[in-house]
Amino acid sequence: MKIYSKKNFFMCLVCISMIVVGITRSFSRDITVFNLLNILASITLIGYLIYGIKRSMSKKDHDEDVIEEMDERNRYVKEKSRQMSFLIIENTFGIMAITCILLTAVFGNQYLIISGLIFFLLWAFSLVVNFFTFLYYDKN
Amino acid sequence: MTQQELAKAVQVTSRTIISIENGQYNPSLMLAYKLSLIFDVSVEELCCLEDNLKGEKKGGEL
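Let me begin by describing the structure that accompanies this report.

Parameters at a glance
- Residues numbered from 1 in each chain as written.
- Chains lettered and ligands numbered in written order.
- Predicted model: local features only at pLDDT ≥ 70, side-chain atom pairs only at ≥ 80, totals over all residues.
- Heavy atoms only, no water.
- Helix = DSSP H or I, 4+ residues; strand = E, 2+ residues; numbered from the N terminus.
- Rg over C-alpha atoms; globule rule 2.2 N^0.38 Å.
- Buried < 20%, exposed > 50% of the residue type's maximum accessible area, 1.4 Å probe, protein only.
- Contact = heavy atoms within 4.5 Å.
- Lys, Arg positive; Asp, Glu negative; His and termini not counted.
- Charge placed at Lys NZ, Arg CZ, Asp CG, Glu CD.
- Expected span 1.5 Å × (residues − 1).
- Buried area = accessible area lost by both parts, 1.4 Å probe.
- Salt bridge = Lys/Arg side-chain N within 4 Å of Asp/Glu carboxyl O.
- Polar contact = N/O pair within 3.5 Å; in protein donor to acceptor, adjacent residues only side chain to side chain.
- Nonpolar A, V, L, I, M, F, W, Y, C, P; charged D, E, K, R; others polar.
- Core = buried A, V, L, I, M, F, W, Y, C linked by side-chain atoms within 4.5 Å.

**A word on the overall build of chain B**
Now for step 1: The number of helices and strands found in chain B is five helices and zero strands.
Now for step 2: Mapped from its N terminus to its C terminus, chain B presents α and β elements in the order α-α-α-α-α.
Now for step 3: Taken against the 2.2 N^0.38 rule, which gives 11 Å for 62 residues, the C-alpha radius of gyration of chain B at 13 Å runs more than 25% over that of a compact globule.
Now for step 4: For chain B, the C-alpha atoms occupy an extent of roughly 40 × 20 × 20 Å along the three principal directions.
Now for step 5: Out of the 62 residues belonging to chain B, those deemed buried represent 23%.
Now for step 6: Considering only residue pairs separated by 6 or more positions, chain B has 22% of its internal contacts joining residues 24 or more positions apart.
Now for step 7: Of the charged side chains in chain B, 6 are positive and 9 negative, and the gap between their average positions amounts to 6 Å.

Structure, rendered in structure tokens:
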């Protein structure tokens, strides 16, 4: 028996041991609907993790995983989706900040000023991050 | 040669090969080179670079 993906294998083992500890703790408490759902979800997750362990011990599956990870189109799609999600978040912060400021002008609610300020700071932060990452990639 | 076999030979997923065939994805220079070695053609021929250049020039004139 050989482990081809040591990282995946040990990650799965650590997760399984954490879940088992969680389940035993759930059993030691009163049985509630929440606990039962938690146990059910944990067992499902353990099944998935066992599948992960099986994959990390199969050479064919490991090779497939490596190709999926290294595939240039997959990487391109991943980068594009990250770029788009960042853009959406950045614009959402900007729109929310402006909306809150406008609503403050109309209703004069102090909570709207605070939330507007928070959105404005988040928007400014995303712009600063964008600026520095641009500088970094422009240089390298 | 099947798409799976080609994908395996150039170490990409079959989805990438399908996207290239459908014109939805432009391969990197290295992938284009690997494909050209397999099909025993030049990269220019594989990517129809001459035709694309003519098309671009025509598009620019319009």
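**Overview of helix α1 (residues 6-28) of chain A**
Given 3.6 residues per helical turn, the α-helix brings residues three or four places apart onto the same face.
Residue and element names in this part refer to chain A.
Now for step 1: Here α1 contains 23 residues, and its C-alpha end-to-end distance of 33 Å stays within 8% of the 33 Å for a straight helix at 1.5 Å per residue.
Now for step 2: Taken together, the buried positions of α1 are Phe9, Cys12, Ile16, Ile19, Ile23 and Ser26.
Now for step 3: Structurally, α1 contributes buried residues whose contacts are with α2 (33-56).

**Here's the deal with the interface of chain B and chain A**
Now for step 1: Contacts between the two partners involve ten residues from chain B and, on the opposite side, seven residues from chain A.
Now for step 2: Between chain B and chain A, roughly 790 Å² of surface is buried when both sides are summed, and carbon and sulfur atoms account for 49% of that area.
Now for step 3: The largest per-residue losses of area from chain B upon contact with chain A belong to Thr13, Arg15 and Tyr25 of chain B, which jointly make up 55% of the total buried on that side.
Now for step 4: Two residues, Glu68 of chain A and Arg15 of chain B, come together in a salt bridge whose shortest N-O distance is 3.5 Å.
Now for step 5: At the surface where chain B touches chain A, the tally comes to seven residue pairs in polar contact (both at pLDDT 80 or more).
Now for step 6: Considering each element in turn, the side of chain B that touches chain A owes the most residues, three residues, to helix α2 (residues 14-21) of chain B.
Now for step 7: Residues that form the side of chain B that touches chain A fall into these classes: four nonpolar, five polar and one charged.

**Comments concerning the nonpolar core**
Residue and element names in this part refer to chain A.
Now for step 1: In this structure, Phe9, Cys12, Ile16, Ile19, Ile23, Ile39, Ile46, Leu49 and Ile53 together form the largest nonpolar core, which totals nine residues.
Now for step 2: For this core, the secondary-structure elements that each account for two or more residues are α1 and α2.
Now for step 3: Per-element tally for this core: the top contributor is α1, with five residues.
Now for step 4: Residues within four places of Phe9 in sequence aside, it is in contact with Ile3, Ile53, Ser56 and Met57.

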